[in-house]
Amino acid sequence: MIYLKTEEEIELLRQSNLIVSKALAEVAKLITPGVSTLELDKVAETCIRDHGAIPTFLGYAGFPNTLCTSVNDQVVHGIPSKNAILKEGDIISVDCGATKNGFVGDSAYTFCVGKVAEDIKQLLRVTKESLYLGIEQAVDGNRLGDVGYAIQSHCEKHGYGVIREMVGHGVGKEMHEDPQVPNTGRRGNGVRLKNGMTIAIEPMVAMGSYRLFFEKDGWTTRTIDGKCAAHFEHSVAIREGKADILSTFDYLEEVVGKL
């Protein structure tokens, strides 16, 4: 069932999403060669708790950490580790969730580690662009297929593979609510968007094949061909005319600059 939010609930969601956005900015300060993904995780957890929230991912279905940290050909749900050391030229998707006042914030960003090859940076730019193109379609009266089509068509135009097996989702009192939000679709198809719906839109895009596989840990996903993948996510509220973006990249881009 899709749960429409009141204005008060949307503001509570915004508070949680701004905490996530601030945590991602704290993580951004540490993303350099030689840093472990577990160090990033500890910083994010401290930031979330310092803002009176709890890490949403920690313990979710048994997930052991605050962040999902996915490096290079890992698509999503990578588990932070002291043995996963960032190297010059890597990219890392950092996905973060925080719960405060009973509502969940959820956002993700893919960072460059040092100097990254231009073709990989282009993947990040296009994926981020597709997120905002999808958000443009997330308005009252449109359908989820309009969102997915905007993302898919932009990425495929550049020759990239749009991940099918992982999708966005509704967000509210639970991290994963109805509806599912695919990053592919046909215009005019799918669930009709209504004022008060809140969804997380999160394109996951690969340089090569869109197919993926799970690692033995049961969480981490990798591209089937070993090529890099990018992941960007915002939580948004459906409105008439223009979506209301509840999370922000402004804080982290003050640290790392814009792609």
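Residues numbered from 1 in each chain as written. Predicted model: local features only at pLDDT ≥ 70, side-chain atom pairs only at ≥ 80, totals over all residues. Heavy atoms only, no water.

### Regarding helix α3 (residues 118-136)
Okay, step 1: The terminal C-alpha atoms of α3 lie 27 Å apart, and with 19 residues this matches the ideal 27 Å at 1.5 Å per residue to within 8%.
Okay, step 2: All of the buried residues along α3 are Ile 120, Leu 123, Leu 124, Val 126, Thr 127, Lys 128, Ser 130, Leu 131, Gly 134 and Ile 135. (Helix = DSSP H or I, 4+ residues; strand = E, 2+ residues; numbered from the N terminus. Expected span 1.5 Å × (residues − 1). Buried < 20%, exposed > 50% of the residue type's maximum accessible area, 1.4 Å probe, protein only.)

### Let's talk about the pattern of salt bridges
Okay, step 1: Following the criterion strictly, the structure yields 13 salt bridges and no others.
Okay, step 2: Among the ionic pairs, Lys 5 bridges to Glu 177, the shortest N-O distance being 3.3 Å. A residue pair is termed long-range when its members are at least 10 positions apart, and Lys 5 in the segment before α1 (7-28) and Glu 177 in strand β7 (residues 177-181) qualify at 172 residues. The residues Lys 5 and Glu 177 share a single accessibility class, namely buried.
Okay, step 3: Among the salt bridges present, the one from Arg 239 reaches Asp 244, with a minimum N-O distance of 3.3 Å.
Okay, step 4: Counted as one network, the salt bridges with shared partners bring together Glu 7, Glu 11, Arg 14, Arg 239 and Asp 244. (Salt bridge = Lys/Arg side-chain N within 4 Å of Asp/Glu carboxyl O.)

### Some thoughts on the pairing of strand β2 (residues 67-71)
Okay, step 1: Counted residue by residue, β2 has 5 buried out of 5 residues, so it is predominantly covered.
Okay, step 2: Here β2 shows no split at all, with Leu 67, Thr 69 and Val 71 on one side and Cys 68 and Ser 70 on the other all buried.
Okay, step 3: Of the pairings in the sheet, the one linking β2 to strand β3 (residues 91-100) comprises 5 bridges and is antiparallel in character. In the strand pairing of β3, Val 71 is matched with Ile 92. (Pairing = 2+ DSSP bridges.)

### Digging into the packing of α3 against helix α4 (residues 144-157)
Okay, step 1: Direction vectors running N to C along α3 and α4 enclose 155 degrees, while the axes themselves pass 8 Å from each other. The angle between α3 and α4 falls in the class roughly antiparallel. As α3 runs across α4, the sense of the crossing is right-handed. Together, Val 126, Glu 129, Ser 130, Leu 133 and Gly 134 of α3 and Val 147, Ala 150, Ile 151, His 154 and Cys 155 of α4 make up the contact between the two elements.
Okay, step 2: Here the residues of the contact of α3 with α4 are counted per class, giving 6 nonpolar, 3 polar and 1 charged. (Axes fitted to C-alpha atoms, helices over the stretch in contact; angles between N-to-C directions. Parallel < 35°, antiparallel > 145°, perpendicular 65-115°, else oblique. Left-handed = near helix turned anticlockwise from the far one by under 90°. Contact = heavy atoms within 4.5 Å. Nonpolar A, V, L, I, M, F, W, Y, C, P; charged D, E, K, R; others polar.)

### Looking at the packing of aromatic side chains
Okay, step 1: Applying the stated rule across the entire model yields 6 aromatic pairs.
Okay, step 2: Here the aromatic rings of Tyr 132 and Phe 249 are separated by 6.4 Å at their centres, their planes lie at 85 degrees, and the arrangement is edge-to-face. Residue Tyr 132 is found in helix α3, and its partner Phe 249 is found in the loop between β14 (244-245) and α5 (250-256); the two are separated by 117 residues along the sequence.
Okay, step 3: We classify Phe 249 as buried; its relative accessible area is 2%.
Okay, step 4: A ring pair is formed by Phe 232 and Phe 249, whose centres lie 6.3 Å apart and whose planes are at 65 degrees; its orientation type is edge-to-face. Placement of the pair is Phe 232 in the loop between β12 (229-231) and β13 (234-237) and Phe 249 in the loop between β14 and α5, with a sequence separation of 17 residues.
Okay, step 5: Of the residues examined, Phe 232 reaches a relative accessible area of 0% and is grouped as buried. (Phe/Tyr/Trp six-rings, centres within 6.5 Å; stacked < 30°, edge-to-face > 60°.)

The analysis is restricted to geometry; functional conclusions fall outside its scope.
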